[in-house]
Amino acid sequence: MSLPLTILFVLLLLWCFFYSQCWVIGKTESNPSGTKNGDLFSIWNFDGKIAYEDIIEATKDFDIRYCIGTGGYGSVYKAQLPSGKVVALKKLHRLEAEDPSFDKSFKNEVQMLTEIRHRNIVKLHGYCLHKRCMFLVYQYMERGSLFCILSDDVEALELDWPKRMNIIKSIAHALSYMHHECIPVIIHRDISSNNILLNSELEAFVSDFDTARFLDPDSSNQTLVVGTYGYIAPELAYTMVVTEKCDVYSFGMVALEILMGKHPGELLTSLSTLSSQNLMLNEILDQHLPPPNRSIAQDIFFAAFVAFACLRTKPKSRPTMKWVSQECLSGKKPLAIPLHAISLWQLRNQETYMMGESETQSCSACC
């Protein structure tokens, strides 16, 4: 090969490498040609220059004034692009970018979110993977995390019972999609109220996929224990093996937290004592809200029934998220017993007052 051709070949390789490190995702919709202030969401832009310059300008080079939160390995910023679109930016700190574990988590989140599309999973609009600046561009969630809203006495009132039931269903649908429609299966590993984000309509979206992983059917799937304390499935402490049932357990904790308005840790501990065996379902419901009417009481019962089923100690006895999504939360039959007559002891021991034999068998079959 002649010298000029060799030089050309080397330059081509360098060009491919550089432009693969920093690019943004987008589907060509109306304007396939790029300009300096082009629409990040409709233009294929492989060099990342347009998005990068717009984002630096929108955040004044990631000024602290635009910071809206700090996560496990970076800060989150709010930015309004020239197109008028508001986005959330998760930026990896410079020191963390030099840490291989943080770098791996960052790239893992990119990989996961480019593989999945679901209306209840936060949308990744784009990303920049460059040694000098690494960030993810997300759909902006106006109301923040479920945890923050439940913790605020005023904002918690906005989450009435129908909205809370819709949040539980949305989380269930997202996890069912990840566990049963994605190939390979995706395990989130950190489902908690902090990682459920709400938009302006108080609709729920699962977020933070930095610890998520694909489930390998040919592997033991043994792993380090990751997740948020208080939501981690108990079997992980001694088996170190991650399965879909770990997410199911975490979902149960979040569902119960939504019903109670606070983390259910103390309640679950107290249920082992004799004094709590007569505690009724209506007594643990969030007192910020008025008592549920008869029509929504049916959904609340189903949600509580499902939550306790998901919190069973033995992983194999927990239901699948597919069953939770399609069956348990559908509320096909009217509730025959009022909430004040249903005890937590009965729910915990899965006494299904209203479910027919075929439905009970369906639940057992999915475990």
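Predicted model only: the values in this text are computed from it and were never measured.

Engineer: Is there a simple way to explain helix α12 (residues 294-310) in this structure?
Structural biologist: Along an α-helix, a turn takes 3.6 residues, which lines up residues three or four apart on a common side. Its 17 residues give α12 an end-to-end C-alpha distance of 25 Å, which sits within 8% of 24 Å, the value for a rise of 1.5 Å per residue. Burial within α12 is extensive, with 15 of its 17 residues counted as buried.

Engineer: Whenever I open this one, unusual backbone geometry confuses me. Can you help?
Structural biologist: In terms of backbone geometry, most residues other than glycine have negative phi values and most peptide bonds are trans. Put simply, Ile-183 and Pro-184 share a cis peptide bond, and its omega is -5°. Inspection of the secondary structure assignment puts Pro-184 in the loop between α7 (161-180) and β7 (186-187). Located in the positive-phi region is Asp-61, a residue other than glycine, with phi close to 60°. Along the chain, Asp-61 turns up in the loop between α2 (49-58) and β1 (67-70). Residue classification places Asp-61 among the exposed residues on the basis of a relative accessible area of 54%. Even without glycine at this site, Phe-62 takes up a positive phi of about 60°. With respect to the helices and strands, Phe-62 occurs in the loop between α2 and β1. Residue Phe-62 is classed as buried on the basis of its relative accessible area of 8%.

Engineer: Got a minute to help me understand the pattern of salt bridges in this structure?
Structural biologist: A side chain of one charge can pair with a side chain of the opposite charge if their charged atoms are brought near each other. The final tally for this structure, using the stated rule, is 10 salt bridges. Across the pair Lys-90 and Asp-208 runs a salt bridge, and its minimum N-O distance is 2.7 Å. Placement of the pair is Lys-90 in strand β3 (residues 86-92) and Asp-208 in the loop between β9 (204-206) and β10 (213-214), with a sequence separation of 118 residues. Residue Asp-208 is classed as partly exposed on the basis of its relative accessible area, which comes to 21%. In this structure, Glu-158 and Arg-143 form a salt bridge, with 2.9 Å as the shortest nitrogen-oxygen distance. Taken together, the residues span a long stretch of sequence, with Glu-158 in helix α6 (residues 155-158) and Arg-143 in the loop between β5 (133-139) and β6 (144-145) at a distance of 15 residues. For Glu-158, a relative accessible area of 36% puts it in the partly exposed group.

Engineer: Would you take a moment to explain the confidence of the model for the chain for this structure?
Structural biologist: Parts of the prediction with low pLDDT should not have their coordinates interpreted in detail. Summarising the model, the chain shows a mean pLDDT of 79, and 71% of its residues fall at 70 or more. Note on residues 17-47: pLDDT under 50 across the span, and 64 contacts to partners over four residues away in sequence or across chains.

Engineer: What am I meant to see in the sheet that holds β6 here?
Structural biologist: Two orientations exist for strands paired in a sheet by backbone hydrogen bonds: parallel and antiparallel. What the 3 strands build is an open sheet, ordered β6-β8-β9; its pairing is antiparallel. Each end of this open sheet is capped by a strand with a single partner; those strands are β6 and β9. As judged from the 3 bridges shared by strand β8 (residues 196-198) and β9, these two strands associate in the antiparallel manner. Opposite Leu-197, over in β9, you have Phe-205 as the bridge partner. Packing of α7 onto the sheet brings it into contact with β8 and β9, and relative to β9 it is tilted by some 30°.

Engineer: Looking at this model, I keep getting lost on helix α9 (residues 244-260). Mind explaining?
Structural biologist: In this model α9 runs 25 Å from its N-terminal to its C-terminal C-alpha over 17 residues, within 8% of the 24 Å that 1.5 Å per residue would give. Most of α9 sits inside the fold, with 16 of its 17 residues counted as buried. Immediately downstream of α9, the backbone of Gly-261 shows phi near 85°, a positive value.

Engineer: Just checking my understanding: could you explain the packing of aromatic side chains for this structure?
Structural biologist: How two aromatic rings sit relative to each other is set out by the distance from centre to centre and by the angle between their planes. For the coordinates displayed, the defined rule picks out 4 aromatic pairs. Ring geometry for Phe-62 versus Phe-135: centroids 5.8 Å apart, planes at 50°, classification tilted. Note that Phe-62 is positioned in the loop between α2 and β1 and Phe-135 in strand β5, a separation of 73 residues in sequence. Summarising the aromatic geometry, the rings of Phe-301 and Phe-305 are spaced 6.2 Å apart at their centres and angled 25° between planes, so their arrangement reads as stacked. Of this pair, Phe-301 and Phe-305 both sit in helix α12, 4 residues apart, which is roughly one turn of that helix. The same class applies to Phe-301 and to Phe-305, which are both buried. The ring centre of Phe-62 lies 5.2 Å from the NZ or CZ of Lys-91, which sits over that ring. Across from the ring centre of Trp-161, 5.5 Å away, lies the NZ or CZ of Arg-164, which sits over that ring.

Reading the values: the criteria
- Residues numbered from 1 in each chain as written.
- Predicted model: local features only at pLDDT ≥ 70, side-chain atom pairs only at ≥ 80, totals over all residues.
- Heavy atoms only, no water.
- Helix = DSSP H or I, 4+ residues; strand = E, 2+ residues; numbered from the N terminus.
- Expected span 1.5 Å × (residues − 1).
- Buried < 20%, exposed > 50% of the residue type's maximum accessible area, 1.4 Å probe, protein only.
- Salt bridge = Lys/Arg side-chain N within 4 Å of Asp/Glu carboxyl O.
- pLDDT = per-residue confidence, 0-100.
- Contact = heavy atoms within 4.5 Å.
- Pairing = 2+ DSSP bridges.
- Axes fitted to C-alpha atoms, helices over the stretch in contact; angles between N-to-C directions.
- Phe/Tyr/Trp six-rings, centres within 6.5 Å; stacked < 30°, edge-to-face > 60°.
- Lys NZ or Arg CZ within 6 Å of the ring centre and 35° of its normal.

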